[in-house]
Amino acid sequence: NMVAMTNMEVLREICEKKVDRTILLDHIQGNLFSSEGLFHFRRAFASQLAINSLMQHAFSVVVRTPSRVVMNEASGQVFSPEFRFSYNNQGFLENQKVPFRMTPNLQEMVGPTMMEGRFIPSMAMTATAIKSKMEDIDAILRLLLRDDIVSWYTSKSMAKSDTKTQELEKQLADRVAKNVALVQSKISECAVKLPKALEKLPTEPVDQRVRDLLAEASSFEKLSTIESSFQAWL
């Protein structure tokens, strides 16, 4: 519709003409004293951001505003304060408008070379590694999601005693199971897809799902639908 088109064009103009895409990159370059240092920082940052982005997508993490993206300027390590899961009013994990934060400044910080050579492979290989151990971590996922949703529900209800909490856990068992299945599905779909027959060439990139998510996360059309507090121009 016209409103959506207008919002998208406004955001595009802000990103292309009003706000520099290299604010973050310029800051990091100013604190590093060599091109070699920048290369190593970008390589580490791209890998860290890829793993973080996979977790944002898999667990439907609440909107990543700039204050929720913290990095170590010395090592490129990425931290995630307020890494909270997003639920709908029925207690099911709710997808965000973008799978993870990948705004113009983050794109420039990673750079096209590291995006192709580090970010995409790191995200796909991390998903592949987790998928290969899914049976081992199934119980951990269930405990994590059970405790989180129980905490979320008790914060909204009067279930404060141990007995009431145990009753609540039983009532939420189905939601926990469905949330676990959703997380596992999201991770599995990001894993590397190899052809079943080795002699057959794949018809699309083995990391196509990751590429699709990256395109979605960096799309002006998607970014323009998020509330202004997201600061999609940064």
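Scroll up to find the structure this text is about.
Residues numbered from 1 in each chain as written. Predicted model: local features only at pLDDT ≥ 70, side-chain atom pairs only at ≥ 80, totals over all residues. Heavy atoms only, no water.

What follows is about the environment of Q77. By the secondary structure assignment, Q77 is in the loop between β1 (70-71) and β2 (78-79). On a C-alpha basis, the gap between Q77 and F45 in space is 6.0 Å, while along the polypeptide they are 32 residues apart. Apart from the residues within four sequence positions on either side, Q77 is in contact with Q48, V70, M71 and N72. (Helix = DSSP H or I, 4+ residues; strand = E, 2+ residues; numbered from the N terminus. Contact = heavy atoms within 4.5 Å.)

Glancing now at the side chain of D207. With respect to the helices and strands, D207 occurs in the loop between α7 (173-190) and α8 (208-217). Within the structure, D207 has its side chain in polar contact with the side chain of R211 (distance 2.8 Å). The residues contacting D207, other than those within four sequence positions of it, are I120 and A124. (Polar contact = N/O pair within 3.5 Å; in protein donor to acceptor, adjacent residues only side chain to side chain.)

Attention now goes to the environment of F79. Take F79: it is sitting in strand β2. In sequence terms F79 and V69 are 10 residues apart; their C-alpha atoms lie 6.5 Å from each other.

This part is about the nonpolar core. By size, the foremost hydrophobic cluster in this structure holds 51 residues, and its most contacted members are F45, F59, M102 and F119. Listed by contribution, the elements that provide at least two residues to this core are α2 (23-31), α3 (35-58), α4 (104-132), α5 (134-154), α7 and α8. It is α4 that provides the largest number of residues to this core, a total of 11 residues. (Core = buried A, V, L, I, M, F, W, Y, C linked by side-chain atoms within 4.5 Å. Buried < 20%, exposed > 50% of the residue type's maximum accessible area, 1.4 Å probe, protein only.)

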